[in-house]
Amino acid sequence: MLSVLVSVLLTQSSSDGHACVKHSDCIITTTTCCAGCCGPGPYVTSKADEAQMLKKCSVIECAGPTKCDIVCEPPMSPDALEARCVAKQCVARLKKRSGR
């Protein structure tokens with residue numbers, strides 16, 4: 001039941017499609033309300049959606065940790081990505097490597 005509630009809240013928080021006007025409206029984050037076995041890894045969102053999600057997370061009571069029997073792949077580093085505003089939507093792009 002709790003996972004359904006969290007799923008609904010996360011879906012609602014991103015219903016505007018992470019709208020933006022400029023690059024600084026977007027961020028790369030790893031925010032999740034309730035930790036699962038494997039984290040979501042970094043993802044792009046708008047600062048407005050991130051604030052809305054953090055507000056919703058503050059009132060959700062998460063279940064205690066459960067035993068995790070699966071092997072999770074290490075997530076990509078958030079530092080490898082940059083958030084950009086493209087056609088009024090936040091998108092994640094790999095950062096360009098310098099010196100190569």
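Before reading further, recall that the structure is shown in the block above.
Residues numbered from 1 in each chain as written. Predicted model: local features only at pLDDT ≥ 70, side-chain atom pairs only at ≥ 80, totals over all residues. Heavy atoms only, no water.

(A) Molecular detail of the side chain of Ser46. Considering the arrangement of structural elements, one finds Ser46 in strand β2 (residues 43–46). The exposure class of Ser46 is buried, given its relative accessible area of 1%. Setting aside chain neighbours within four positions, we find Ser46 in contact with His18, Ala19, Asp25, Cys26 and Cys90. (Helix = DSSP H or I, 4+ residues; strand = E, 2+ residues; numbered from the N terminus. Buried < 20%, exposed > 50% of the residue type's maximum accessible area, 1.4 Å probe, protein only. Contact = heavy atoms within 4.5 Å.)

(B) Main features of unusual backbone geometry. In this model, Ala87 sits at a positive phi of 50 degrees, which is unusual for a non-glycine residue. Tracing the backbone through its elements, the reader meets Ala87 in the loop between β3 (81–86) and β4 (89–94).

(C) How the structure looks around the pattern of salt bridges. Taken as a whole and judged by the stated rule, the model has one salt bridge. Here Lys22 makes a salt bridge to Asp25, at a shortest N to O gap of 3.3 Å. (Salt bridge = Lys/Arg side-chain N within 4 Å of Asp/Glu carboxyl O.)

(D) The arrangement of the pairing of β3 in detail. Of the two faces of β3, the one lined by Leu81, Ala83 and Cys85 is fully buried and the one lined by Glu82, Arg84 and Val86 carries no buried residue. For β3 and β4, the ladder comprises six bridges, and the chain directions are antiparallel. Residue Cys85 lies in a different strand from β4, and its bridge partner there is Cys90. (Pairing = 2+ DSSP bridges.)

(E) Spotlight on the state of the cysteines. According to the stated counting rule, one finds six disulfides in the structure shown. Each disulfide pairs two cysteine sulfurs, and for Cys26 the partner residue is Cys90, the sulfurs being separated by 2.1 Å. In this structure the cystine formed by Cys26 and Cys90 twists about its S-S bond by roughly -80 degrees; its chirality is therefore left-handed. Taken together, the residues Cys26 in strand β1 (residues 26–29) and Cys90 in strand β4 connect sequence positions 64 residues apart. Described in terms of the sequence order of its bonded cysteines, the disulfide pattern of the chain is 1-11, 2-12, 3-7, 4-8, 5-9, 6-10. (Disulfide = S-S within 2.5 Å.)

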